[in-house]
Amino acid sequence: MIVMSIWCSSLSLSSRSLAIAVVVSVTLLYFSYSFNACLLASISRSLQQSNIRNLLALTSSTRNDTSDEGNSSRSSRSSNNSSVSPVSPVSSSSAPPAQTVTSSLDGAPKYQLLRQQGLRPSRHLPDTLIIGVKKSGTRALLEFIRLHPDVRAAGSEVHFFDRHYQRGLRWYRHHMPYTIEGQITMEKTPSYFVTKEVPQRVYHMNPATKLLIVVRDPVTRAISDYTQAASKKADMKRFEQLAFVNGSYAVVDTNWGPVKIGVYARFLERWLLYFPLSQLLFISGERLIMDPAYEIGRVQDFLGLKRVVTEKHFYFNATKGFPCLFKSEARSTPHCLGKTKGRNHPHIDPGAIERLREFYRPFNNKFYQLTGINFSWP
């Protein structure tokens, strides 16, 4: 009897231990299952997000590549009469894969912030071109207008329409900056203005392209052009020897580049065959130096931008005789555009200058008639 009682007590104790063990095991299994389920869900979400990013990058690249064939610039999309002419195809190696472009873009904090706000930056063909004129103030114009938050520009001269046209629009687009909806894409290459084939090529890219042309007294421009060239070549002949034939002031050498470029009317006539005057804005190089805020105000109006860049952005450097910036897109401290701006010109014989003024006078008058603007050059 006593033995039975002890056996029953032992059996009861074993049952309780077994029950506790079962409960503990089930609890451990539950927590283990929950942890693994959460881990798997997290990995799955990460994979899905990665796939979505890659898909969006591929879609964006494909859409932009297609827009190269159909005139991808934003202004052309809003224009009903825009047209595109095929350009020589390029190999896929001429531009990086979409994933590479996206990866480099993802590294920029400001673009990460833009994506968080639902904005996805992408490259577009330019809406606006600064097409010239060389040594008239095109670099100053570019740096001044880039102060506007809605203007994004290629940092260097791309020379697509005059040197690299055979590379195609995809190559050209790859050299443009990233922009978001509402921003203007801009590019500057002064030699576009004087290159014969460029007007038609720009028209084929986008007939709605807006064109900015900085002009300057052609005599002063020619001397500035010569000064730049002479700074790179120590044994260069004197200006008077190059500007005239046979050392006499009687015949101007119109084949010499610095002189030839100043015949603005001849080059403008080519552009007016493809673009109406309303799509061209002429900026005075002289006034751009003396009153940059005024000229940049005109540019902002022409591009349909709010007047953000004003007098407060500029100060005048009396030593250089050139306007400088309190800050720019690249630098937040006051600075001038470079040591070559405001460079001193060599002494030129006054007789040579007067002869060149006589030479340019009829061409200047023709230019005034074409543009409807009297620049009052001597």
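Residues numbered from 1 in each chain as written. Predicted model: local features only at pLDDT ≥ 70, side-chain atom pairs only at ≥ 80, totals over all residues. Heavy atoms only, no water.

Colleague: Give me the sheet that holds strand 3 (residues 151-153): which residues, what numbers.
Modeller: The strand order across the open sheet formed by 5 strands is 3-5-2-6-7, and the pairing between neighbours is parallel. Of all strands in the sheet, those with a lone pairing partner are strand 3 and strand 7 (280-284), marking the two edges. Neighbour-to-neighbour, the strand axes of this sheet turn through a mean angle of 25°, independent of strand direction. Bridge analysis of strand 3 against strand 5 (residues 184-188) gives 3 bridges, and the strand direction is parallel. Across the sheet, residue Arg-152 finds its bridge partner in strand 5, namely Thr-185. Where helix 5 (residues 138-145) meets the sheet, it contacts strand 2 (128-132), strand 3, strand 5, strand 6 (210-215) and strand 7, and its direction lies at approximately 160° from that of strand 5. (Pairing = 2+ DSSP bridges. Helix = DSSP H or I, 4+ residues; strand = E, 2+ residues; numbered from the N terminus. Axes fitted to C-alpha atoms, helices over the stretch in contact; angles between N-to-C directions. Contact = heavy atoms within 4.5 Å.)

Colleague: Summarise the packing of helix 8 (residues 218-232) against helix 14 (residues 350-371); cite the residues concerned and give the values.
Modeller: Interhelical geometry of helix 8 versus helix 14 gives an angle of 125° and a closest axis separation of 9 Å. By the angle between their axes, helix 8 is oblique relative to helix 14. Seen from helix 8, the contacting residues are Pro-218, Val-219 and Ile-223; seen from helix 14, they are Ile-353, Leu-356, Arg-357, Tyr-360 and Asn-364. When the residues that make up the contact of helix 8 with helix 14 are grouped by side-chain class, the tally is 6 nonpolar, 1 polar and 1 charged. (Parallel < 35°, antiparallel > 145°, perpendicular 65-115°, else oblique. Nonpolar A, V, L, I, M, F, W, Y, C, P; charged D, E, K, R; others polar.)

Colleague: Go over the state of the cysteines with me, naming the residues and quoting the values.
Modeller: Scanning the entire structure with this criterion turns up 1 disulfide. Here Cys-324 pairs with Cys-336 through a disulfide, and the sulfurs are 1.9 Å apart. Because the torsion about its S-S bond is 85°, the bridge between Cys-324 and Cys-336 counts as right-handed. A residue pair is termed long-range when its members are at least 10 positions apart, and Cys-324 in strand 9 (residues 322-325) and Cys-336 in the loop between strand 9 and helix 14 qualify at 12 residues. (Disulfide = S-S within 2.5 Å.)

Colleague: Mind laying out the confidence of the model for the protein chain, listing which residues take part and the relevant values?
Modeller: When pLDDT is averaged along the protein chain, the result is 79; 67% of the residues meet or exceed 70. Across residues 1-13, where pLDDT falls below 50, the model places 0 contacts with residues more than four positions away in sequence or in other chains. Between residues 46-108, whose pLDDT stays under 50, and residues either more than four places distant or in other chains, the model counts 89 contacts. (pLDDT = per-residue confidence, 0-100.)

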